[in-house]
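Fold and contact review
So you can see what is in the structure, the chains are spelled out below.
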Amino acid sequence: MATLAAAPKPASLPIHQTQLLIDGQWVPAKSGKTFDTINPATEEVIAQVAEGDAADVEAAVRAARRAFDEGPWPRMNARDRGRIMYRLADLIEAEIDELAALEALDNGKPVSDARAGDIPLALDTLRYYAGWADKIHGQTIPINGNYFCYTRREPVGVAGQIIPWNFPILMTAWKWGPALAAGCTIVMKPAEQTPLTCLRLARLAQKAGVPDGVINVVPGFGPTAGAAIVKHPGIDKVAFTGSGETAQIIMRQAADGLKRLTFELGGKSPNIVFADADLDAAAVGAHVGIYLNQGQCCCAGSRLFVEDAIHEKFVERVVEMSRKRKVGDPFDPATEQGPQVDRAQFDKIMGYIESGKREGATCATGGKRVGDRGFFIEPTVFTNVKDEMAIAREEIFGPVLSVLKFSDMDELIRRANATTFGLAAAVWTRDVARAHEVAKRLRAGTVWVNCYDVFDAAAPFGGFKQSGFGRELGERGLDPYLETKTVTVSLS
Ligand code: ADP
């Protein structure tokens, strides 16, 4: 906490990068246009950022293409690529206080969360993949006949990377880490709500020695800059994190070029508490599971299934903890919850709260705006929720928990899986056999047992069903950035 006190305050925070990074140059948008990025805690403009569109994407792809087809990055010693990535991580770490403050300013998350969570995880990711750079190799294969057959793992080419606003620094690291290690070059579009930290990381990448054209950043809007990346024939692969609706558009637009796609999308994750669980730990897990990052997590434990024997008592605890959660200024070290990222998200969440009330659920706590400036919402718990209500089916992406009661294991599994999503799930129980059975039967890419939101750069993350495809993190996270080439040599 000592370092937190030293974190720069919003007014004194320098905003260095607001332009596009193309081929190693910081340039305005060709159209000359800019857009405002807003501080969600005050609704004030932080900075004007260059608004890239198709013309800028054209230049960025040309640079990334050249850097891939002719430049040093995919050709240098793999270990040297790794060293540059380690250097990038070190430079980020050296600026951790300022970066955490910039993230809090642009996104609204508590500076303490960015400092203790987002950035350390981003550093881990970059270092983890830096370590992979010289460990990506193929196999020798004993095929029939007098041949020597081997595989090479080669970079897929130019990666278009489109990220959301909920974890801007972390999502940048998740995307750059495997792409850089594999030897790909990048055209990235940060979310229009939160472009500032991605731009700062791009500056640090230059300082670390990433060659010109390897990382290009084009801030702008989805239907213009984003769509131009997806459609551009010079892009080999698109990695996208965001909503399912946008993913569907991207999939259609990427069809012409048969682009490789990876998607990390939404969720409506079940968080299941059996009566025999450590209820203190489970209550914390329910709380963190829904409220982390103002509820703006794709893996939020937004459906809390509680076994009927403990339902009343457990819900009381969850409600009590929600009431005590400290909502306020992201720069106050005591703050646990900041504002939602923008007015659109705020309105959407308030709409779901109204729909929960209208459909007959009980709003046990919260449900209202906090203050009259900034997009703050009270931690909200709905009880008496029915499976068919919108608040039990749709992703709210805010601090709104739906509590459901269960009694029978088979019925529980059926209901927990009765969703189009399949990103994450958790189960709380002291019965080891039951924990593994539930983990096996849940259709989700991640299952936490007696914990929640445990992430590690080495552990793959991604969705079943409409929560996406492909995996990020871990060894599997490299796969989408690699092609496998088979070489067969006649020895006759
Ligand atoms: P959210 O609802 O969380 O903002 P979106 O899917 O709308 O999620 O946005 C995630 C990212 O996708 C952002 O960077 C956004 O600009 C981008 N995006 C939105 N629409 C498109 C599109 N049609 N093509 C490409 N990218 C898009």
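Residue numbering note: each chain is counted from 1, following its sequence as written. Only residues with pLDDT of at least 70 get local features here, since the model is predicted, and only at 80 or more are side-chain atom pairs given and counted; chain-wide, interface and lining totals rely on the full set of residues. Hydrogens are left out, water is left out, and the side-chain values use all remaining heavy atoms of the structure.

It is worth spelling out the overall build of the chain at this point. Within the chain, the secondary structure is distributed over 15 helices and 20 strands. Across the chain, every contact between residues at least 6 apart in sequence was considered, and the portion connecting residues at least 24 apart equals 74%. Total accessible area on the chain stands at roughly 19400 Å², and carbon and sulfur atoms take up 52% of it. Between the averaged position of the 56 positive side-chain charges in the chain and that of its 61 negative side-chain charges there is a distance of 3 Å. By the criteria applied, helices consist of DSSP H or I runs no shorter than four residues and strands consist of E runs no shorter than two, each listed in order from the N terminus. Should any heavy atoms of two residues lie within 4.5 Å, those residues are counted as being in contact. Methods summary: accessible areas were calculated by the Shrake-Rupley approach with a probe of 1.4 Å, and residue burial reflects only the protein chains presented. Neither His nor the chain termini are counted; the positive set is Lys and Arg, and the negative set is Asp and Glu. Every charge is mapped onto a representative atom, which is NZ of Lys, CZ of Arg, CG of Asp or CD of Glu.

In this section: the nonpolar core. I92, W176, I215, L304 and F314 are the most contacted members of the largest nonpolar core, which totals 97 residues. If sequence neighbours within four positions are ignored, I92 has contacts with L99, I119, L123, L126, L201 and L204. As used here, the term nonpolar core means buried Ala, Val, Leu, Ile, Met, Phe, Trp, Tyr and Cys residues forming a set that is joined through side-chain atoms within 4.5 Å. Here the term buried applies to any residue with accessible area under 20% of the maximum for its type, exposed to any over 50%, and partly exposed to those in between, with areas from a 1.4 Å probe on protein chains only. Counting residues in hydrophobic clusters, the runner-up holds 30 residues, among them F274, A361, I391 and A416.

In this section: the packing of helix 4 (residues 96-107) against helix 7 (residues 196-208). Here an axis means a line fitted to C-alpha atoms, over the contact stretch when the element is a helix, while the angle between two N-to-C directions is reported on a 0 to 180 degree scale. Where helix 4 contacts helix 7, the two axes come as close as 9 Å, and the packing angle between them is 155°. With respect to helix 7, the axis of helix 4 lies roughly antiparallel. On helix 7, the residues touching E98, L99, L102, E103 and D106 of helix 4 are L196, T197, R200, L201 and L204. Residue classes follow a fixed rule: Ala, Val, Leu, Ile, Met, Phe, Trp, Tyr, Cys and Pro count as nonpolar, while Asp, Glu, Lys and Arg count as charged, and any other residue, Gly among them, counts as polar. Each residue belonging to the contact of helix 4 with helix 7 can be placed in one class, and the counts come to five nonpolar, one polar and four charged. The cut-offs work like this: below 35 degrees is roughly parallel, past 145 is roughly antiparallel, 65 to 115 is roughly perpendicular, and the gaps in between are oblique.

The subject of this paragraph is the pattern of salt bridges. One side-chain nitrogen of Lys or Arg within 4 Å of one carboxyl oxygen of Asp or Glu is enough to make a salt bridge. This structure, assessed with the given rule, holds 35 salt bridges. Across the salt bridge formed by K109 and D118, the nearest N and O atoms sit 2.4 Å from each other. Each member of the pair, K109 as well as D118, is classed as buried. The closest approach of N and O atoms between K189 and E192, which form a salt bridge, is 3.4 Å. The class for E192 is partly exposed, based on a relative accessible area of 25%.

Once that is clear, we can look at the layout of surface pockets. In the cavity and pocket records, a cavity denotes points on a 1 Å grid over the protein atoms alone where a 1.4 Å probe fits but cannot get out, a pocket denotes an open set with protein on both sides within 12 Å along at least 5 of 7 lines, and lining residues are residues with an atom within 4 Å of a point. Grid points are joined across faces, edges and corners, and a volume is the space filled by probe spheres set on the points. Taken as a whole, the second largest pocket holds about 220 Å³ of empty space. Surrounding the second largest pocket, 14 residues form its lining, R81, I136, R152, R153 and E154 being those nearest its centre. Residue assignment for the lining of the second largest pocket shows that the elements contributing at least two residues are helix 3 (78-94) and strand 6 (147-155). The greatest single-element share of the lining of the second largest pocket, amounting to four residues, is contributed by strand 6. Classifying every residue of the lining of the second largest pocket by side-chain character gives seven nonpolar, two polar and five charged.

Moving on, we come to the sheet that holds strand 5 (residues 140-141). The criterion for strand pairing is that DSSP finds at least two bridges linking the strands in question. Spatially, the three strands line up as an open sheet ordered 5-6-20, and their pairing is antiparallel. The open sheet has two free edges, formed respectively by strand 5 and strand 20 (482-490), since each of these has just one partner strand. With nine bridges joining them, strand 6 and strand 20 adopt antiparallel strand pairing. Note that in strand 20 the partner of C149 across the bridge is T488.

Let us look at the side chain of R200. Within the element layout of this structure, R200 appears in helix 7. Two N or O atoms count as a polar contact when they lie within 3.5 Å, although within protein this holds only if one can serve as hydrogen donor and the other as acceptor, and sequence-adjacent residues are included solely when both atoms are side-chain atoms. A polar contact of 3.1 Å, which involves the side chain of R200, links it to the side chain of E98. Setting aside residues no more than four positions away along its own chain, R200 makes contact with P14, I15, H16, Q17, E95, E98, L99 and L102.

All right, on to the side chain of N107 then. Turning to its location among the elements, N107 is positioned in helix 4. A polar atom in the side chain of N107 sits 3.0 Å from the backbone nitrogen of K109. Apart from the residues lying within four places of it in its own chain, the contact partners of N107 are P40, W165, N166, P168, T194, N293, Q294, P339 and V341.

The predictor reports its confidence for every residue as pLDDT, a score running from 0 up to 100. Summary statistics for the chain give a mean pLDDT of 97 and a share of 98% for residues scoring 70 or more. Low pLDDT, under 50, characterises residues 1-6; the predicted model gives this stretch six contacts beyond four residues in sequence or across chains.

Moving on, we get to the site of the ligand. Proximity criterion: a residue is near a molecule or strand once any of its heavy atoms comes within 4 Å of it. Around the ligand, the structure places 17 residues, and the nearest of them are I163, K189, E192, S243 and T246. In this structure, W165 approaches the ligand through a side-chain N or O atom, which is 3.0 Å from an oxygen atom. In this structure, an oxygen atom belonging to the ligand sits 2.8 Å away from a side-chain N or O atom of S243. Taking 550 Å² as the accessible area of the ligand by itself, protein coverage stands at 84%. Tallied by class, residues from the shell around the ligand come to nine nonpolar, six polar and two charged.

Ordered by their spatial adjacency, seven strands build an open sheet running 14-15-16-13-12-17-18, and the pairing between neighbours is mixed. Taken across any chain shown, the strands that pair with only one partner, and hence form the sheet edges, are strand 14 (362-365) and strand 18 (446-449). Here the strands of the sheet are splayed against their neighbours by 25° on average, with no regard to which way each runs. Relative to strand 17 (residues 424-428), strand 12 (residues 270-273) runs parallel, the two being bridged by three bridges. Looking across to strand 17, one finds that V273 is bridged to W428.

Moving on, we get to the environment of G477. Mapped onto the elements, G477 comes out in the loop between strand 19 (468-469) and strand 20. G477 sits 342 residues away from K135 along the chain, and the two C-alpha atoms are 14 Å apart.

This brings us to the pairing of strand 13 (residues 303-307). With five of its five residues buried, strand 13 lies for the most part within the structure. Judged by which residues are buried, strand 13 turns out to be covered on both faces: R303, F305 and E307 on one side and L304 and V306 on the other are all buried. Looking at chain direction, strand 12 and strand 13 are connected through four bridges and run parallel. Looking across to strand 13, one finds that I272 is bridged to F305. Handedness rule for crossovers: strands pointing away from the viewer, path from the first strand over the helix to the second running clockwise, crossover right-handed. Taken together, strand 12, helix 10 (residues 279-291) and strand 13 form a β-α-β motif whose crossover is right-handed. Note that strand 13 and strand 16 (residues 400-406) share five bridges and pair parallel. For L304, the partnering residue across the bridge sits in strand 16 and is V403.

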